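# A look at the structure
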Amino acid sequence: MKKEKVIGIGVLLGIIILAVIVVVVAETQMESESETETAPADKEPLDADELVEENFCQAGITEYEKIDLEDYESQAGIDLSEYVSYRFYYDSDGLKIEGYFSAPKDLLDGQKTSCLIYNHGGNQDYGALENIETCFYAYQLHTICIASNYRGCGNSEGKDLFGGADVDDVIRLLDLCEQFSYIDKDAINMMGISRGGMMTYEVLRRDERVHKAVVVSGLSDCFMSYEERSDMQTIFDSLVGG
């Protein structure tokens, strides 16, 4: 009799334990389902234009416009439908500086990637950027390309100082690149041509954030250029001082 009573108690305890387990599992499932129902839906990913404009705003750039690439497409005979290009304005030493941005859309997919800062040649309006230079390099090198019309060039405020305080305008691009969510701040590269080479040298001398740099026909010795090139003497006299 005692044996049967013990068996009965064991069975009853087993049923109770099983019931508790069932209740716990059921409650866990209900909580999980509740969390799933109340969790906000994933945010729709931004398209390339939206992502660029959102990053502009987050970096304090409020004045910008998208560039229509159709004319350039017809001139160059290439398809630029998978590229975006913008003109924007940013602050440098209190001056409103004109900049350009171009990128393949597939590099604006939420992943961080390298970029190229392009420093143009010329002085004042001669050699100033228009709507196609950054897009040209973005297309040819398949990279994000950003560039500045240094102060006194194009539509930028201020006076062209030919390698003086206008170098700050390029350094400010480094600051902006570090703020853009799609740019790897450890892979910001730079290229300068002619006067842009001089600007590149000056940036490298002052700032260590440039990962790699390429200079093409860069101005490296201003004293020699002044002595040997009569066409440069007027430029140096007016922009740098005698």
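Scroll up to find the structure.
Quick caveat, the model's predicted, so the values are computed rather than measured.

### Overview of the nonpolar core
- In terms of nonpolar packing, the biggest core is built from 37 residues, with Phe88, Phe101, Leu108, Ile117, Ile144, Phe180 and Tyr182 touching the most fellow members.
- Counting only elements with at least two residues in this core, the list comes to α2 (48-58), β2 (83-92), β3 (95-104), β4 (113-119), β5 (144-149), α5 (167-179), β6 (183-193) and α6 (195-206).
- Beyond its immediate stretch of four places on either side in the chain, Ile117 contacts Ile146, Val170, Leu173, Leu174, Cys177, Ile188, Asn189, Met190 and Met191.
- In terms of nonpolar packing, the next biggest core, distinct from the first, is built from 15 residues, Tyr100, Tyr118, Cys135 and Met191 among them.

### Let's talk about the packing of α5 against α6
- Direction vectors running N to C along α5 and α6 enclose 65 degrees, while the axes themselves pass 10 Å from each other. By crossing handedness, the relation of α5 to α6 is classed as right-handed. Here α5 contributes Val167, Asp168, Val170, Ile171 and Leu174 to the contact with α6, which in turn contributes Met199, Glu202, Val203 and Arg206.
- Considering only residue class, the contact of α5 with α6 consists of six nonpolar, no polar and three charged.

### Looking at the environment of Glu54
- Here Glu54 shows up in helix α2.
- Linking Glu54 and Phe180, residues 126 residues apart in sequence, is a C-alpha distance of 9.3 Å.

### Some details on the sheet that holds β6
- The sheet built from seven strands is open, its strands ordered β1-β2-β3-β5-β4-β6-β7 with mixed pairing. Two strands bound the open sheet, and with one partner strand each, they are β1 (63-66) and β7 (213-216). Neighbouring strand axes in the sheet, compared pairwise and without regard to direction, differ in orientation by 20 degrees on average.
- Inspection of the sheet shows β6 paired to β7 by four bridges, in the parallel sense. Along β7, the bridge assignment pairs Met190 with Ala213.
- Set on the sheet, α2 makes contact with β1, β2 and β3; between it and β2 the angle comes to about 5 degrees.
- Lying on the sheet, α6 is in contact with β4, β6 and β7; it crosses β6 at an angle near 140 degrees.

### So, the pairing of β2
- Among the 10 residues that make up β2, nine are buried, leaving the element largely enclosed by the rest of the structure.
- In this structure, β2 lies alongside β3, joined through 10 bridges in antiparallel fashion. Note that in β3 the partner of Ser92 across the bridge is Leu95.
- Between β2 and the antiparallel strand that follows it, β3, lie two residues; Asp93 among them carries a positive phi value of about 55 degrees.

### Some words on the pattern of salt bridges
- Overall, the coordinates contain 14 salt bridges when judged by the stated rule.
- A salt bridge links Glu98 to Arg87; the shortest N-O distance between them is 2.8 Å. Of this pair, Glu98 sits in strand β3 while Arg87 sits in strand β2, and the two are 11 residues apart along the sequence. An identical accessibility class is assigned to Glu98 and Arg87; each is buried.
- Residue Asp168 is joined to Arg206 by a salt bridge in which the shortest nitrogen-to-oxygen separation is 2.6 Å. Here Asp168 is found in helix α5, whereas its partner Arg206 is found in helix α6, with 38 residues between them in sequence.
- Among the residues examined, Asp168 registers a relative accessible area of 18% and is labelled buried.
- Bridged by salt links that share partners, the residues Arg172, Asp175, Glu178, Asp207 and Arg209 form one connected network.

### A short note on helix α4 (residues 133-141)
- Within α4, the full set of buried residues consists of Thr134, Cys135, Tyr137 and Ala138. In an axial view of α4, the angular spread of the buried residues amounts to 165 degrees, which keeps them on one side of the axis.
- Among the structural elements, α3 (70-76), β2, β3, β4, β5 and β6 are those in contact with the buried residues of α4.

### Side note on the pairing of β6
- Relative to β6, β4 runs parallel, the two sharing six bridges. Looking across to β6, one finds that Cys115 is bridged to Ile188.
- As a crossover connection, the stretch from β6 through α6 into β7 is right-handed.

### Concerning the packing of aromatic side chains
- For the structure on display, the rule yields 13 aromatic pairs.
- Considering the side-chain rings of Phe56 and Tyr64, the 5.3 Å spacing of their centres and the 50 degrees angle between planes classify their relative orientation as tilted.
- For the ring pair Tyr118 and Tyr137, a centre distance of 4.8 Å and an interplane angle of 40 degrees mean the geometry is tilted. Here Tyr137 lies in helix α4 and Tyr118 lies in strand β4, a separation of 19 residues in the sequence.
- Taking the relative accessible area as the measure of exposure, Tyr118 reaches 8% and is therefore buried.
- The rings of Phe56, Tyr64, Tyr86, Phe88, Tyr90, Phe101, Phe180 and Tyr182 are connected pair by pair, giving a single aromatic cluster.
- Here the guanidinium or amino end of Lys96 rests over the ring plane of Tyr89, the centre of that ring lying 4.9 Å away.

About the cut-offs
- Residues numbered from 1 in each chain as written.
- Predicted model: local features only at pLDDT ≥ 70, side-chain atom pairs only at ≥ 80, totals over all residues.
- Heavy atoms only, no water.
- Core = buried A, V, L, I, M, F, W, Y, C linked by side-chain atoms within 4.5 Å.
- Buried < 20%, exposed > 50% of the residue type's maximum accessible area, 1.4 Å probe, protein only.
- Helix = DSSP H or I, 4+ residues; strand = E, 2+ residues; numbered from the N terminus.
- Contact = heavy atoms within 4.5 Å.
- Axes fitted to C-alpha atoms, helices over the stretch in contact; angles between N-to-C directions.
- Left-handed = near helix turned anticlockwise from the far one by under 90°.
- Nonpolar A, V, L, I, M, F, W, Y, C, P; charged D, E, K, R; others polar.
- Pairing = 2+ DSSP bridges.
- Salt bridge = Lys/Arg side-chain N within 4 Å of Asp/Glu carboxyl O.
- Arc of directions from axis to C-beta.
- Right-handed = clockwise from strand over helix to strand, strands pointing away.
- Phe/Tyr/Trp six-rings, centres within 6.5 Å; stacked < 30°, edge-to-face > 60°.
- Lys NZ or Arg CZ within 6 Å of the ring centre and 35° of its normal.

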